[in-house]
Structure formats: C-alpha cells, structure tokens
Amino acid sequence: MRWQKLGKIFDPTEHNLADGYSIFAKSPQALVFDNFVRIYFCAQKKTENGKYLSCPHYADFDKNLCHLRGLSSSPAISLGGLGHFDEHGIFPMNVLRLGDRILAFTTGWSRRISVSIEMGIGFAESFDGGATFSKYGQGGPIMPPTVKEPSLVGDAFVRFTDSTFHMWYIFGDKWLRASDDLEPDRFYRIAYAHSRNGLDWERDGHYIIEPKSQNECQALPTVFSVGGLHHMYFCYRDAFDFRKNRDKSYRLGYAYSHDGLRWIRDDGAAGIDVTLGAWDSDMACYPHVFECDGDHYLLYNGNEFGKYGFGAAKLLDL
Amino acid sequence: MIWEKHGVIFDPATISDRPSWMHGYAQAPNSIVFDDFVRVYFCCRPLPDARKQFVSYCAYVDLDRKDLRRIVGLAQEPILPLGALGTFDEFGTYPVSFARDGNDIIAIYGGWSRCESVPFNISLGYARSTDGGVTFEKLGPGPVLSHSPNEPFVVTSPKIRKFDGKWILAYTAGRKWFYDEKGVPEIIYKLRMAVSDDGIVWSRLDKDLIPDRIGEDEAQACPDILFANEKYHMFFCYRHGLDFRKNPARSYRVGYASSLDLVNWKRDDAQVELDVTPGSWDAEMIAYPNVLELDGRTYMFYGGNGNGKSGFGLAELRGGLPL
C-alpha cells in the first residue's frame, strides 16, 4: 500500500462545536453524499466531577477533503439516560448507508467502580439524512457482553455484502494491572460477527488478528476490498504506559484476507506511519477507510488520541 | 389460595460459628428436592466493606423432606465464586435459580457489577454442578443473558424451568432508573421471559408478562412458575417505585398470574391470601417467593423483612393450586 498524506484536515480547537463539546475530534468516519463528504467524529466535554463525556458530531467537507463546508449544529445522537450503557459517552460511531437508509453502530460508555468503564455496541438510524440519529427500541445495546466476550464490546465497523451484515469490532477478555498500586488497564482485541438483520449478531469469542506482543491491545478495525483482497487497518498499542510513552502508543496496523475471515497481519505493508515533527509524530490511531469517486481515503487521528483533530491520506496504489 | 405461615426457617445470624462470608441475610430462596431432603439455596452476605458496600454469595441449607422446619445440613462454602476484575459478576451472585438437567443441576444467576451513576448493573450467568449441587462451575467469564435494546440494564431475578422439553427463563428487566427525593437512584423493573433449547442461547419474548396493578412505577420481580391442573401458575413479588424500603404498605407482596401457554398471562393478585404479620420477621414484606409441590402439599419459601435480612421462611397452601 502507498498512501499520500493530506495532513490534518480538522482541528476542533479552531471551531465552536455544538453543546459545549470543546475538545477532541476522535475516530473520524465518513458518509459520502453526492456533493460532499460528511465526517462524523467524537468530541468531548468535561463534566462536574472532572471526567469527560464523548459524543458524535460531524463536519461536512468538499469531496477532495480540502475545504470544510460546515459543522453539525447539535450532537448527532444523544447520550443515554441514567443507568444506560451509553450514559457517559458514545465513541466511536460507525455510519452505514444501506439503500436509502442510514444506520449507525455506536459504542456506548458507562463508568464503573472497580474498573474505569464498560462498553457495549448500540444501534441507531437517521431519518433526516444523517443529521441526527434515533436509537433502536428503548436504547439498550444490541451487543452486550457474552459468556465468551465478558467486557468492553465496542468499536464496531459494519459492511453489508452478500445479503449479510459483517462486523469487525473489539472485546476484552481480561483487565490488566501493570502493578498492584496502579488502576486496572483495559484490554481488547479485534473480533468478527455477522448478522442477517443488523440487530442480532452471531459471534464466537475469538480474536482474529495475531498480536505482536503478549499484551498488545487492538482497536478500531476498518475494512475495504480492492484488488481482489480484503484489507483491514486498525490501531494497536501496548497495554501499559501508552498515553505518554511514544514507543508504546498507538500505531496503525494492517492485515489482508482472501475470504474476510482468516487474516494475515502485515504491518510492514501498511504504507503509513507516524511522521516526525508533524501533527502525527507520536501516535496514529482510529483509522477509517472509505471510497469516494473511485479513490480510497484513510481518516485517522494523530497525537494525543485526536485532541487536536484528525487528518487524511489518499491511497496511491496497492 | 390461603397460605398458612410456618415462620422463619433459616437466618444465618442465629448460627454463632457461621463463616464470615455468611454473616447475614438469607435472600431469594430457591429449592431443589432430593430423596430425603429439600435443598434451599439462598444468598447471603459478609459484613460490608469500608465503603459500606456488600457482596453477595449463594449457599444452601438442607431441610428434612418430612419436616421442612428441621435443618439437616448447611453449605460449608459458597456454591459459586465471585467473578474476576471487571466482569459482570465481580460483586455478587444474587439471585440464583436452579433446575435439574439429567444428573446435573444447572444454575442461572444474577451477576453484580458496581457503577458510578447508579449503584449496580446485573446480567445473568450460567453455571453447572456435577456434584449434586454443592459446587457449580461457570460456563465462562461473561453472562449468557445480558442487556438488549428493550431491556437496557439490570436483567436479574431469574427463574429457570423446563416445560415440554424447552428451557423457560422468567426474569425481570430494568425499565427505568430515577432519583428519589433525596437524589438516590431507584429502579423499576418488569417481568420478562426468554426460551432456549440448551439453557445457554436464549431467545427473548421481548414483552412484559403482566400488566401493572399499582401504577406504572410498580416494580415486579421473582416470577416463579409451576405447572399444575393443566395450566401454568406464576407467583412473583411486586412493590411500589418509591418509599418501599421503610413503609411496609409499599413494600413487596406476592402476586399471582395464570396462563395456558406461558406467553399470555392473566394477573389476579387477589387469589393470594398471604400478607405481612405485624411485629414479626415478615412484618414489612413478603419477598422473592419460591413455590414447590412436595409429597401432596404446596409450599412457598419467601424472604421477610429487609428482603431476607431476617432470613427466609415457609408458608403452606391450604388446599391445592387453583383450577
């Protein structure tokens, strides 16, 4: 793969986002319209107890991703009510155009006591062309933990092919501690599920991407098909000390597959890495690949998990 | 149905040399009948931690089959361990329901995790005993029935039964959390059902089993179903949404519904003549019923004051179940 970096294309600190969400633009994910590209991203705001809420917004761009056309006037979806799985955040949100429908697969966050958070995957649909999304049913998750996937189910990326919904997502099978006096650290890796209706999913509790180290965490899979192969980008990091230590923070990983089920990891072929001295010098994370007018683009976050926005790259050749 | 009370049967606090994990409470009794005794599982607690938080373990007491007021055995260890860090059952296994499956006994149990904005969340786990119900092994680290679009949180109070070759799980699911006048979160939950071929993969009915009788903030729990006289009988408990902890008139009572098909239920609480006894161990509430037919009689185990804080007791039905 060879990618041409287009640089950072959106910085949330240069704009007034809706509803007091003032920082971060994490996990950019695209929905292509006839004349523009809508990029959903998750912004954060601080709450009374010093913790953050995360919620999807969007920015509309010209189709070359160079010119920003406008911003959402409200969050694209509301957070869940008291006790709901998405009470304390929705991050990320994967949007899927399916005929004349626009569906969303959300990752809801709720805070815990012994560990920091729990996550689950929710389902929503837009009835106003992708501006706002309504949650399905009473707003509970479509993918909570299961007997083999006990925690941190999230980061859904969904495609619809061959009359089947395919989902790549993550779950955690343990919480880790670097040492007894430190807070537990979350752990997750990439898995696969499929569904006939987008609501009821078959999954088997197996991780599908070979890790490079024992406690490697993997997140945000994104899949596209070109040149007779399926390609997956994702991000990976060390389980510990990944927030401040450049050597342990997120990088982009890559895998390919002939059948969409068995994946061969080949990070060396990713064709994109951090750039010294740039906005993505220390970290590259939350990738999202989409096709627009025959070209493939990669959206991703750079340093500090997208605190200062997201950037893009254009696929030059395979 | 007139129920005659036999009084409190078991309260851990009456045992001087009890283990620390069984310091108090005997909540949510559920029975399994053996040749010579009836094993009644209950959920108990050690003393609370420094933050006044409890955990809950499941144990059992064996009662003489010929005289259910006579204790003939007591669990030496919890039947299930608590879950690992961050898992759904890290802080409690309560309530726990049991059914025989060939030579084994299976359990469906509520696993408790602690949350920041509300005190807890609950999903249902699965475990199996191959030693006659003394110890159980969990199927895995996660739940078999967790939350769903229309059951967004707190899936608990399970009752596992097998009817016509199908596993039937009646349970309760959270409808809403809301704040009381002091800003403390309280929860409303409604009776729900799921069916399964293997007890592990469940298909939800996705509807409330019974209508509310005391308003939409009625909380319903513990739907215990048995089949007799060619129909299904369900005993459950219900309470008001607020002011139910200290006000006996608003606390748990036992309700009743009947059905021919397990799906459509006719609620008729007036059938149950069983109320609190002022001044007694069950002066506040009749909670978490378990009904069984045994040797030609029909019994109900239930929790009293503090939802089992004063132990569980026994009532006996005069005559049989309704035709």
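Residues numbered from 1 in each chain as written. Chains lettered and ligands numbered in written order. Predicted model: local features only at pLDDT ≥ 70, side-chain atom pairs only at ≥ 80, totals over all residues.

Colleague: I'd like a rundown of the sheet that holds strand β2 (residues 23-32) of chain A, residues and numbers included.
Modeller: The strands that make up a sheet pair up through hydrogen bonds in the backbone, lying either parallel or antiparallel. All names here are of chain A. The four strands lie next to each other as β2-β3-β4-β5, forming an open sheet whose pairing is antiparallel. Every interior strand has two partners, whereas the edge strands, β2 and β5 (68-71), have only one. Pairwise comparison of adjacent strand axes, ignoring direction, gives a mean angle of 30° for this sheet. Across six bridges, the pairing between β2 and strand β3 (residues 37-46) is antiparallel. Bridging across to β3, Lys 26 finds its partner in Cys 42. (Pairing = 2+ DSSP bridges. Helix = DSSP H or I, 4+ residues; strand = E, 2+ residues; numbered from the N terminus. Axes fitted to C-alpha atoms, helices over the stretch in contact; angles between N-to-C directions.)

Colleague: Any details on the sheet that holds strand β1 (residues 2-10) of chain B? Residues and values, ideally.
Modeller: Residue and element names in this part refer to chain B. Strand order in the open sheet formed by four strands is β1-β20-β19-β18, with antiparallel pairing between adjacent strands. The two strands at the open ends of the sheet, each matched to only one other strand, are β1 and β18 (287-294). Strand-to-strand twist of the sheet, defined as the mean angle between neighbouring strand axes without regard to direction, takes the value 25°. One ladder, built from five bridges, connects strand β19 (residues 297-303) with strand β20 (residues 312-318); its direction is antiparallel. Residue pairing for β20: Met 300 is matched across the bridge by Ala 315.

Colleague: Give a description of the environment of B:Asn150 that names residues and reports values.
Modeller: When you line up the elements, B:Asn150 lands in the loop between β9 (137-138) and β10 (155-163). What B:Asn150 contacts, discounting residues up to four positions off in sequence, is A:Gly137, A:Gln138, A:Gly140 and B:Asp206. (Contact = placed C-beta atoms within 7 Å.)

Colleague: Please provide a residue-by-residue account of the nonpolar core, values included.
Modeller: Judged by nonpolar contacts, the single largest core of 91 residues is most densely connected at B:Phe42, B:Cys43, B:Cys58, B:Ala59, B:Ala107, B:Leu169 and B:Cys237. Broken down by element, this core gets its largest block of residues, seven residues, from strand β11 (residues 166-179) of chain B. Ranked by size, the runner-up nonpolar core spans 87 residues in total, among them A:Phe41, A:Cys42, A:Ala193 and A:Phe234. (Core = buried A, V, L, I, M, F, W, Y, C linked by C-beta atoms within 7 Å. Buried ≥ 20, exposed ≤ 12 C-beta atoms within 10 Å, placed from the backbone.)

Colleague: So what's going on with the pairing of strand β7 (residues 104-114) of chain B? Which residues, and what values?
Modeller: Residues and elements named next belong to chain B. With nine of eleven residues buried, β7 lies mostly within the body of the structure. Here seven bridges tie strand β6 (residues 93-101) to β7, and the two strands are oriented antiparallel to one another. Across the sheet, residue Ala 99 finds its bridge partner in β7, namely Ile 106. Remark: two residues form the turn of the hairpin made by β6 and β7, two consecutive strands paired antiparallel; Gly 102 in that turn has positive phi of roughly 65°.

Colleague: Outline the environment of A:Leu68, listing residues and values.
Modeller: Tracing the sequence through the fold places A:Leu68 in strand β5. C-alpha separation for the pair A:Leu68 and A:Pro141, spaced 73 residues apart in sequence, amounts to 33 Å.

Colleague: Can you tell me about the interface of chain B and chain A, naming the residues and giving the values?
Modeller: Across the contact, 31 residues belong to chain B and 30 residues belong to chain A. When contributions to the side of chain B that touches chain A are tallied by element, the ones reaching two or more residues are β7, β8 (120-129) and β11 of chain B. With three residues, β11(B) is the largest single contributor of residues to the side of chain B that touches chain A. Counted by class, the side of chain B that touches chain A contains 15 nonpolar, twelve polar and four charged residues. (Nonpolar A, V, L, I, M, F, W, Y, C, P; charged D, E, K, R; others polar.)

Colleague: Tell me about the confidence of the model for chain B, and please be specific about residues and values.
Modeller: Averaged over all residues, the pLDDT of chain B is 97; the fraction at 70 or higher stands at 100%. Interface predicted TM-score (ipTM) for the complex: 0.96; the corresponding pTM is 0.97. (pLDDT = per-residue confidence, 0-100.)

Colleague: Please give an account of the pairing of strand β19 (residues 295-301) of chain A that cites residues and values.
Modeller: Residues and elements named next belong to chain A. Burial analysis of β19 places five of its seven residues in the buried class, which makes it a mostly covered element. Sheet topology note: the strand β18 (residues 285-292)/β19 ladder contains six bridges and is antiparallel. Opposite Phe 290, over in β19, you have Tyr 297 as the bridge partner. Linking β18 to β19, which pair antiparallel, is a turn of two residues; within it Asp 293 sits at a positive phi near 50°. The pairing of β19 with strand β20 (residues 310-317) spans five bridges and is classified as antiparallel. By the bridge assignment, Leu 298 is partnered in β20 with Ala 313.

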